[in-house]
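Chain by chain, the residues run as shown.
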Amino acid sequence: MITIEKLQKSFGKLEVLKGISLEFQRPGITAILGPNGSGKTTLIKSILGMALPDKGRICFQGEDIKGGWAYRRQIDYLPQIARFPENLAVKELLRMIQDLRGGQPDAERLIRLFALEGYLDKRLGTLSGGTRQKVNLVLSLMYDSPLLILDEPTSGLDPLAMLHLKELLRQEKERGKYILITTHIMSFVEEVADEVVFLLEGHIHFQGSLRELKEKYAASSLERAIASILQEGKLAFSSNGHGEKAAKLVLGG
Amino acid sequence: MFKILKYSFFDLTRSRWLYIYGAFYFLLTVSLLWLGGGLSKAIISLMNIILVLAPLIATMFGVMYYYNSREFTELLLAQPIRRSHIFFGQYLGVACSLAISLLLGVGLPFVLYGIFNSAEIWNFSMLLLVGLFLSFIFSAIAFFIALRNENRIKGFGLAILVWLFFAVIYDGLFLLALSLFSDYPLESFAIGASLFNPIDLSRILILLKLDISALMGYTGAVIQNFMGTLLGMACSLGVLVLWVVLPAWGIKWVAVRKDF
Ligand SMILES: Nc1ncnc2c1ncn2[C@@H]1O[C@H](COP(=O)(O)OP(=O)(O)OP(=O)(O)O)[C@@H](O)[C@H]1O
Ligand SMILES: [Mg+2]
C-alpha cells in the first residue's frame, strides 16, 4: 500500500526526519509512536502530500505520490488539531466536504454513534474540544477509503466515545483496511495495534509487532519497552555527536 | 476549482465589508452623477477614486481572506484536490466578489442615469474594465504575499507596502526622475515606467480614452502618440493581463512548494 524510501525532511535547520524507510504492506492497525516533536505528524503529512519531502520517495499503491492528488481519494485523514472554519455549522461543514469530495459517505451512522445529532446546527467555533474531535472523527471516517490515517484520534474523547472509537477501528480492521494511528496512550496501543513503529530523533528505532517489541526489550509492558528504546536512543544519539562525553559520564566510562 | 471558487465566494458574501465596499461605490456614484453634474465629470472623479481604492481594497481582502480561511485550506489540502486549484479557487473567489461589488456599485447608478444612450459609454466601459483589472491584479499580489508569509502581521504589512508603492511612491519617484533629467528626451522612459505600474497604466488608458491627455503635459502628448493608437491600446491591455498572470503564476509556484 505505502512504501517510504529514505524520507528526509527539515524545517529550516531542524532536521525532523533523517532518512526514514518504511513499508505498510499488510492490512491492519499500525501505531506510530514517538515522543513529542519526533516527527510523527510530519511523516503523516508527507504521506498526504501536505508536507513535501526534501529527499526520498513515497509510493502509494506503487506510484510515486510526488505532485499527485487523486491518490488522496483512497485516504481518510484525521488531523491532529481539528481546525475548522469557525463560522460554519457542523451540518454545513459535512455537506461541504461531501460536495467537494463526491462519493457516498455515511455520516448518519457516525453522528448517531457519537451522539452528535443535537450539535448539527451549532457553529463549529462554539463546540467543546471533545465535541470538535468527534466532528473531526465523523469527517474522517465517513468515507470508506482503504487507508485510514488518524493523528491522535483519542485526544479529548470521553471514555464512552473512546469505546466507540475502538469498536469502529476493530470493525474497519476486520474489513481489511490499512490503518495508521499516532497516540500517546499506551493502553490504547496495546488494545488495538497490530504493529508498532517507533520514531526517535528522526530515525525509526523499531518496527514490528507488539509481541516482538516486548520480546526484544524483555519488557513486561509496552511502557517499559518504550522506556528501554528511549534509553537506547539517548545513548545512540549522544555517541554520534557532541554528547559523547556526557554519555561516557553517564555510563561511567 | 469551481467548487472552491463557489465556496470562497459564498463565504465572502457573508462578509459585511464586501457590502460596505459596494454600497460606498453606489452612494459615491449616485452623488457624483446627480449632484456633481454630468457623466464625463463623474467618470473623471470616479477614476481618481477607483485607481486608489480598488487596489487598496483588493489588497486588504486578498490578505485577510487568505489568513482567515487557513482552516478551510487545511481541510481542503487533505482532500483529493489539486493544490493549485485550491488556491486559484480561493483567489478567484476573492477577485470575483470584489469585481461584482465594483460592477454593481458603480454600474447600477450609471445604468439608471442612462449611460446606454450616451456617447460616454466607451469611456465608462474603460473605467470599469480598468477597475476590474486592478481588483484582479492586486488581490493576486496580496494572495501571493500572504502565501509566502506565515506571519499575518508581516504579510499584511508587506501587502500594504506594495500598494503604497504603486499608488503613491512610484509616482513620486517618477516625477523626481522627470525633473532631475528634464534635459534628456524621456519619452521612452515615461512609457516604460508606466508599464511597470498597473495603476499608472490604468490611469493612462482612461485618460487616453477621455482624450484629455493634454492634462498630462508634454510626456502625456508623447504617450498619446504611442498608446493612443489601437496598437498602443492593445499593448497596454496586454500588459495589464500580464500583471494578472504573473502574480497568479507566483501563487501557483509558491503553493506547490509550501509545507502545510
Ligand atoms: N510547518 C512547520 N514549520 C516549522 N517546524 C515544524 C513545522 N511542522 C513541524 N515542525 C517541527 O517539526 C518537529 C516535528 O513535529 P511533528 O508535529 O511532526 O511532531 P509529532 O511527533 O507529531 O509530535 P506530537 O507528539 O507532539 O504530535 C517539531 O519540532 C516541530 O516544531
Ligand atoms: Mg503530532
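None of the values given here were measured: they were computed from a predicted structure. (Residues numbered from 1 in each chain as written. Chains lettered and ligands numbered in written order. Predicted model: local features only at pLDDT ≥ 70, side-chain atom pairs only at ≥ 80, totals over all residues. Heavy atoms only, no water.)

A. Quick look at the overall build of chain A. Secondary structure summary: chain A contains 9 helices and 10 strands in total. Computed over C-alpha atoms, the radius of gyration of chain A comes to 19 Å, within 12% of the 18 Å expected from 2.2 N^0.38 for 253 residues, which places it in the range of a compact globule. Going through the 253 residues of chain A one by one, you find that 50% of them count as buried. For chain A, the share of sequence-separated contacts (at least 6 apart) that also reach a separation of at least 24 residues comes to 66%. Of the roughly 12400 Å² of accessible surface on chain A, 51% is carried by carbon and sulfur atoms. Of the side-chain charges in chain A, 34 are positive and 31 negative, and the distance between the mean point of each set is 4 Å. (Helix = DSSP H or I, 4+ residues; strand = E, 2+ residues; numbered from the N terminus. Rg over C-alpha atoms; globule rule 2.2 N^0.38 Å. Buried < 20%, exposed > 50% of the residue type's maximum accessible area, 1.4 Å probe, protein only. Contact = heavy atoms within 4.5 Å. Areas by Shrake-Rupley, 256 points an atom, 1.4 Å probe, with all protein chains shown as cover. Lys, Arg positive; Asp, Glu negative; His and termini not counted. Charge placed at Lys NZ, Arg CZ, Asp CG, Glu CD.)

B. Representation of the coordination of the magnesium ion (ligand 2) within the structure. Residue and element names in this part refer to chain A. Around the magnesium ion (ligand 2), the protein supplies Thr41 (OG1) and Gln80 (OE1) as donor atoms, at distances of 1.9 to 2.2 Å. In this pair, threonine 41 is assigned in helix H1 (residues 40-47) and glutamine 80 in the loop between strand E6 (75-78) and helix H2 (90-101), connecting sequence segments 39 residues apart. When its relative accessible area of 22% is taken as the criterion, threonine 41 is described as partly exposed. (Donors = N, O, S within 2.8 Å, 3.2 Å for Na, K, Ca; no water.)

C. Spatial organisation of the sheet that holds strand E2 (residues 14-24) of chain A. Residue and element names in this part refer to chain A. What the 4 strands build is an open sheet, ordered E2-E1-E4-E5; its pairing is antiparallel. Edge strands, defined here as strands with exactly one partner in the open sheet, are E2 and strand E5 (63-64). Where strand E1 (residues 2-11) and strand E4 (residues 55-60) come together, 5 bridges link them in antiparallel fashion. Bridge pairing links isoleucine 4 to isoleucine 58 in E4. Together, E1, E2 and E4 form the strand contacts of H1, whose direction differs from that of E1 by roughly 120°. (Pairing = 2+ DSSP bridges. Axes fitted to C-alpha atoms, helices over the stretch in contact; angles between N-to-C directions.)

D. Structural context of unusual backbone geometry. Residues and elements named next belong to chain A. For lysine 6, which is not glycine, the phi torsion reads 45° and is therefore positive. One non-glycine residue with positive phi stands out, namely alanine 115, at about 50°. Topologically, alanine 115 is positioned in the loop between helix H3 (107-113) and helix H4 (129-141).

E. Local environment of the nonpolar core. Membership of the largest hydrophobic core comes to 148 residues, with the highest contact counts inside it found for Ile2, Ile4 and Leu93 of chain A together with Phe87, Val106 and Phe110 of chain B. Those residues within four positions of isoleucine 4 of chain A in sequence are excluded, and the remaining contacts are Ile20, Ser21, Leu22, Leu43, Ile47, Arg57 and Ile58 of chain A. Of all hydrophobic cores here, the second largest spans 17 residues; its members include Val189, Ala193, Phe206 and Leu210 of chain A. (Core = buried A, V, L, I, M, F, W, Y, C linked by side-chain atoms within 4.5 Å.)

F. Geometry of the interface of chain A and chain B. Taken together, the contact between chain A and chain B spans 26 residues of the former and 23 residues of the latter. Contact between chain A and chain B buries roughly 2300 Å² in total, counting both sides, with carbon and sulfur atoms accounting for 57%. Contact with chain B buries area across many residues of chain A, yet Met50, Arg83 and Leu100 of chain A alone supply 30% of it, more than any other trio. Linking chain A to chain B there are 6 salt bridges. The interface formed by chain A and chain B holds 15 residue pairs in polar contact (both at pLDDT 80 or more) in total. (Buried area = accessible area lost by both parts, 1.4 Å probe. Salt bridge = Lys/Arg side-chain N within 4 Å of Asp/Glu carboxyl O. Polar contact = N/O pair within 3.5 Å; in protein donor to acceptor, adjacent residues only side chain to side chain.)

G. Local environment of the confidence of the model for chain A. In this model, chain A carries an average pLDDT of 88, and 92% of its residues clear a pLDDT of 70 or more. Mean pLDDT per element in chain A: helix H9 (residues 244-251) of chain A is the minimum at 48, and strand E8 (residues 178-182) of chain A is the maximum at 96. (pLDDT = per-residue confidence, 0-100.)

H. Structural view of the site of ligand 1. Residues and elements named next belong to chain A. Ligand 1 sits among 14 residues. The nearest are Gly37, Lys40, Thr41, Thr42 and His184. Between an oxygen atom of ligand 1 and a main-chain N or O atom of glycine 37, the distance comes to 2.8 Å. Here ligand 1 has 640 Å² of accessible area as a free molecule, and 63% of this is covered by the chains. The element that contributes the greatest number of residues to the shell around ligand 1 is H1, accounting for 3 residues. Partitioned by chemical class, the residues of the shell around ligand 1 number 4 nonpolar, 8 polar and 2 charged. (Near = heavy atom within 4 Å. Nonpolar A, V, L, I, M, F, W, Y, C, P; charged D, E, K, R; others polar.)

I. Molecular detail of the environment of tyrosine 66 of chain B. Residue and element names in this part refer to chain B. With respect to the helices and strands, tyrosine 66 occurs in helix H3 (residues 39-68). As a C-alpha pair, tyrosine 66 and tyrosine 91 span 25 residues in sequence and 8.4 Å in three-dimensional space. Leaving out residues up to four positions away in the same chain, tyrosine 66 has contacts with Phe87, Phe143, Ala146, Leu147, Glu150, Lys258 and Phe260.

J. Here's a closer look at the pattern of salt bridges. Under the definition given, this model contains 28 salt bridges over all chains. A salt bridge links aspartate 259 of chain B to lysine 9 of chain A, with the shortest nitrogen-to-oxygen separation between them at 2.6 Å. Taken as a pair, aspartate 259 of chain B in the segment after helix H11 (230-255) and lysine 9 of chain A in strand E1 lie in two separate chains rather than in one. Given a relative accessible area of 3%, lysine 9 of chain A falls into the buried group. Through salt bridges with shared partners, a single ionic network connects Asp144, Glu172, Arg175 and Lys177 of chain A.

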